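# Breakdown of the fold
Chain by chain, the residues:
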Amino acid sequence: MKKLVRDKIPDIIPDEATFEVLSNEDYRLSLRDKITEEATEVKNAETRANLVEELGDLEEVIRAILEDASITYEEMDSLRQAKINQKGKFAQKFVMIKPDEES
């Protein structure tokens, strides 16, 4: 099993696994897998402390994706703000129920 890990992991657990450096394309694909993994861990966090930790991990993966794609955090945040202006936030806790999906 191949799993993208943080840069210092090979120094921390050198005898428990072997490590290789990914190609740029495999790295991009691994980051997409990693963001899904971290989002699932956020979803499953059961304590506030665990939630904070997992959100930090998720942000680290987001920042790695931004860097790999040559996107600045400010560029992403500007688009986020534009979407807020156009569509709003999630503050009012609305959920959409489509007529064919009512239970």
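Calculation notes
- Residues numbered from 1 in each chain as written.
- Predicted model: local features only at pLDDT ≥ 70, side-chain atom pairs only at ≥ 80, totals over all residues.
- Heavy atoms only, no water.
- Helix = DSSP H or I, 4+ residues; strand = E, 2+ residues; numbered from the N terminus.
- Rg over C-alpha atoms; globule rule 2.2 N^0.38 Å.
- Buried < 20%, exposed > 50% of the residue type's maximum accessible area, 1.4 Å probe, protein only.
- Contact = heavy atoms within 4.5 Å.
- Phe/Tyr/Trp six-rings, centres within 6.5 Å; stacked < 30°, edge-to-face > 60°.
- Lys NZ or Arg CZ within 6 Å of the ring centre and 35° of its normal.
- Salt bridge = Lys/Arg side-chain N within 4 Å of Asp/Glu carboxyl O.
- Expected span 1.5 Å × (residues − 1).
- Arc of directions from axis to C-beta.

### Quick notes on the overall build of the protein chain
On a plain count of helices and strands, the protein chain comes out with 4 helices and 0 strands. Shown N-terminal to C-terminal, the secondary structure of the protein chain runs as helices and strands in the order α-α-α-α. On C-alpha atoms alone, the protein chain measures out to a radius of gyration of 18 Å, which is more than a quarter above the 13 Å that the 2.2 N^0.38 rule sets for 103 residues. Dimensions of the protein chain, computed from C-alpha atoms along their principal axes, come out at roughly 55 × 35 × 30 Å. Within the protein chain, the proportion of its 103 residues that are buried is 14%. Nonlocal contacts in the protein chain, meaning residues at least 24 apart in sequence, comprise 42% of its contacts between residues at least 6 apart.

### Remarks on the packing of aromatic side chains
Taken as a whole and assessed by the stated rule, the structure comprises 0 aromatic pairs. Above the face of the Tyr73 ring, Arg63 is positioned so that its terminal group lies 4.3 Å from the ring centre.

### Quick notes on the side chain of Glu38
Within the element layout of this structure, Glu38 appears in helix H2 (residues 24–44). The exposure class assigned to Glu38 is buried, which follows from its relative accessible area of 5%. In this structure, Glu38 is in contact with Glu54, Asp57, Leu58 and Val61, ignoring residues within four places of it in sequence.

### A closer look at the pattern of salt bridges
What the rule picks out here adds up to 9 salt bridges. For the salt bridge of Arg80 with Asp77, the shortest nitrogen-to-oxygen distance reads 2.7 Å. With Arg80 and Asp77 both in helix H4 (residues 73–87), this residue pair falls 3 residues apart, about one helical turn. For Asp77, a relative accessible area of 25% gives the class partly exposed. The network of salt bridges with common partners includes Lys3, Lys34, Glu37 and Glu38.

### A word on H2
Taking 1.5 Å of rise per residue, the 21 residues of H2 would be expected to cover 30 Å, and the 30 Å separating its terminal C-alpha atoms lies within 8% of that figure. Within H2 the residues assigned to the buried category are Ser30, Leu31, Lys34, Glu38 and Val42. Summarising the axial view, the buried residues of H2 lie within an arc of 120 degrees, below the 170-degree limit, and thus occupy one face. Relative to its buried face, H2 has exposed residues pointing more than 90 degrees away, namely Asp33 and Lys43. Looking at the buried residues of H2, the elements they touch are helix H3 (48–68).

### Quick notes on the side chain of Ser30
One can find Ser30 in helix H2. When residues no more than four places from it in sequence are discounted, the contact partners of Ser30 are Leu4 and Leu22.

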